[in-house]
Amino acid sequence: MILQSLLITLFSIILIAALLTAAGVFTWVERRVLGFFQERLGPNRVGPFGFLQWIADTVKLITKEDALPPDADVVSYRLAPVLVAVPMLAGFGVVAFGPGLAISSLDMGLMFAMGMLALTVYGIVLGAWASRNRYAMLGGLRAAAQLLAYESFLGLSLMGVVLLAGSFTMGDIVLAQQDYWFILLQPLGAVLFFIAGIGAAHRLPFDLQESEQDLVAGFMTEYSGMSFALFFLGEYLAVLLVASLFTTLFLGGWLGPFLPGPVWFGLKVGIIAFVFIWLRAALPRPRYDQLISFAWKIALPLALLNLLATGWILAVWRAAP
Amino acid sequence: MIGWFPLFLGTVALVSAALTVTRPSVVHGLMWLVAALLSLAGTFFALGAGFAGAVQILIYAGAILAVFVFVVMTFDASPPALARERLRLKQAARGPLLMVLALGLPLIFGLWGGAVASGLAPGGVVPVQAVGGLLFGPWAVAVEIASFLLIAALLGARHLVRRDPPQDSERHAP
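Residues numbered from 1 in each chain as written. Chains lettered and ligands numbered in written order. Predicted model: local features only at pLDDT ≥ 70, side-chain atom pairs only at ≥ 80, totals over all residues.

Q: Honestly, the overall build of chain A in this entry has me stumped. Any pointers?
A: Secondary structure assignment for chain A yields 13 helices and 0 strands. Taken against the 2.2 N^0.38 rule, which gives 20 Å for 321 residues, the C-alpha radius of gyration of chain A at 20 Å falls within 12% of a compact globule. Over its C-alpha atoms, taken along the principal directions, chain A stretches across nearly 70 × 45 × 45 Å. A total of 321 residues make up chain A; the buried ones form 45% of that total. Look at the contacts in chain A between residues 6 or more apart in sequence, and 78% of them connect residues 24 or more apart. (Helix = DSSP H or I, 4+ residues; strand = E, 2+ residues; numbered from the N terminus. Rg over C-alpha atoms; globule rule 2.2 N^0.38 Å. Buried ≥ 20, exposed ≤ 12 C-beta atoms within 10 Å, placed from the backbone. Contact = placed C-beta atoms within 7 Å.)

Q: I'm lost on the interface of chain B and chain A in this one. Help?
A: Quite often, the size of an interface is put as the accessible area lost when its parts meet. Taken together, the 19 residues of chain B in the interface contact 23 residues of chain A. For the side of chain B that touches chain A, the secondary-structure elements that each account for two or more residues are helix H2 (26-46) and helix H3 (50-72) of chain B. In terms of residue class, the side of chain B that touches chain A is made up of 17 nonpolar, 2 polar and no charged. (Nonpolar A, V, L, I, M, F, W, Y, C, P; charged D, E, K, R; others polar.)

Q: Can you walk me through helix H3 (residues 74-91) of chain A in this structure?
A: Given 3.6 residues per helical turn, the α-helix brings residues three or four places apart onto the same face. All names here are of chain A. Over its 18 residues, H3 extends 27 Å from the first C-alpha to the last, a length consistent with the 26 Å expected when each residue adds 1.5 Å. Of all the residues in H3, the buried ones are Ser-76, Tyr-77, Ala-80, Pro-81, Leu-83, Val-84, Ala-85, Pro-87, Met-88 and Gly-91. Each element contacted by the buried residues of H3 is listed here: helix H4 (109-130) and helix H11 (225-250). (Expected span 1.5 Å × (residues − 1).)

Q: When you look at the nonpolar core in this model, what are you seeing that I'm missing?
A: Counting residues in hydrophobic clusters, the biggest one holds 124 residues, and the most contacted among them are Ala-113, Val-121, Val-125, Ala-144, Leu-240, Leu-241 and Phe-246 of chain A. For this core, the leading source of residues is H4 of chain A, giving 17 residues. Once you skip the residues sitting within four places of it in the chain, Val-121 of chain A turns out to touch Ala-143, Ala-144 and Leu-147 of chain A together with Ala-66 of chain B. (Core = buried A, V, L, I, M, F, W, Y, C linked by C-beta atoms within 7 Å.)

Q: Looking at this model, I keep getting lost on the packing of H2 of chain B against H3 of chain B. Mind explaining?
A: A pair of packed helices is captured by two measures, namely the crossing angle of their axes and the spacing between those axes. All names here are of chain B. Taken N-terminus to C-terminus, the directions of H2 and H3 make an angle of 170°; their axes are 8 Å apart at the nearest point. On the basis of their axis angle, the class for H2 and H3 is roughly antiparallel. Residues Val-26, Val-27, Leu-30, Leu-33, Val-34, Leu-37, Leu-38, Leu-40, Ala-41, Phe-44 and Phe-45 of H2 touch H3, and the partners they reach there are Gly-50, Ala-52, Gly-53, Gln-56, Ile-57, Tyr-60, Ala-61, Leu-65, Phe-68, Val-69 and Val-72. The residue makeup of the contact of H2 with H3, split by class, is 19 nonpolar, 3 polar and no charged. (Axes fitted to C-alpha atoms, helices over the stretch in contact; angles between N-to-C directions. Parallel < 35°, antiparallel > 145°, perpendicular 65-115°, else oblique.)

Nothing here speaks to function; it is all geometry.
If you want it as structure tokens, here you go:
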């Protein structure tokens, strides 16, 4: 019992360290890839290909002053960035990186991860409110409405997969994809989940709560130093979490020939993360009303339809001799 | 028998609930409500009711309270408004606090009586399939009645946001 707890603790610490490093490296990859997309160099001075740029940035952010706006609600202001980053780390606790390689193979793993994604809204809204800044406030209002709209069909879009796999546990869902990846059986669900994932991770093109043209930096206008870095850490971890969920649900998780499971998992997550960056470079932001009406009027009914159709097909399939 | 972990989380939930109704700032109160709901979810998980716990996080903490926050963050939180609220709370907080105390008694007696087991989920974990089977088996009628409530709420919302067709006198030339 004690040995088991110690092992879980050790694994958690290793995982958190790996995730923080991955998020750091991701910032470098993103800047570098965006540079190529936009025909400029990107960071290329620190280390080979500028690879050590993220370490230099971290050192800079740690040593910068973490300024506090004079009217701010101190406790909420300090707590908000933590509330963005910590649920994301907790969400990874149920992700299965390989056969049996998960901190917890929770019975309700998928719903737990979705719940953790849903909790980011509090960090953003609290930060926006505590800053006592008009731009931040507008960003917070946008974030609350957007995250609600996109969470609504995030869950529904992946219920088709749950129906097919007959389980909410990450490991079981991966094992159910031995023959076909679920992206082949649930193409609409996969597309909807990906769109919802961009919305839930509040990445471009769906980052109207921090769109710099009209809101300076939205909810994190007042933040600097490490608090600012924590918001970004939360955002990058959210991207990695959504990519991990997408890999688990639709791309067969750790399954693949020759290479060991976790390597396949990492490769797939890397490809999805690359698509996130690609979309950021390729697509303009929609108008806010377009963003919200797309979620409620198009995506949510489509997700319900997908679930209904999957249910019918499965019922007929199973009833057939 | 009940584990230490659910007891601890239950206590946290009660304290957060008390703080929810006694904070002068509405946003602070709501954040304590979030804390109460999350510790309640943790209690469910620790008692082996994973489905209830996940739904608690996803529906209550993730969706319903997010709507509350959306409205409440636009309220007046200036020092004079807070002072007024504090004055009002002096009288009004007694009832809820007594309620919390009453709810806390079983916890205290439980500890006193030594009804505490070690380890998580002493009663075992309830699988999702069992919950689903119960909800859509013996309790199907109750579930459907609850869904009527939701449909009524949906129709109400539809009615509230309905726009009347413009009258002739109000219609503007294009």
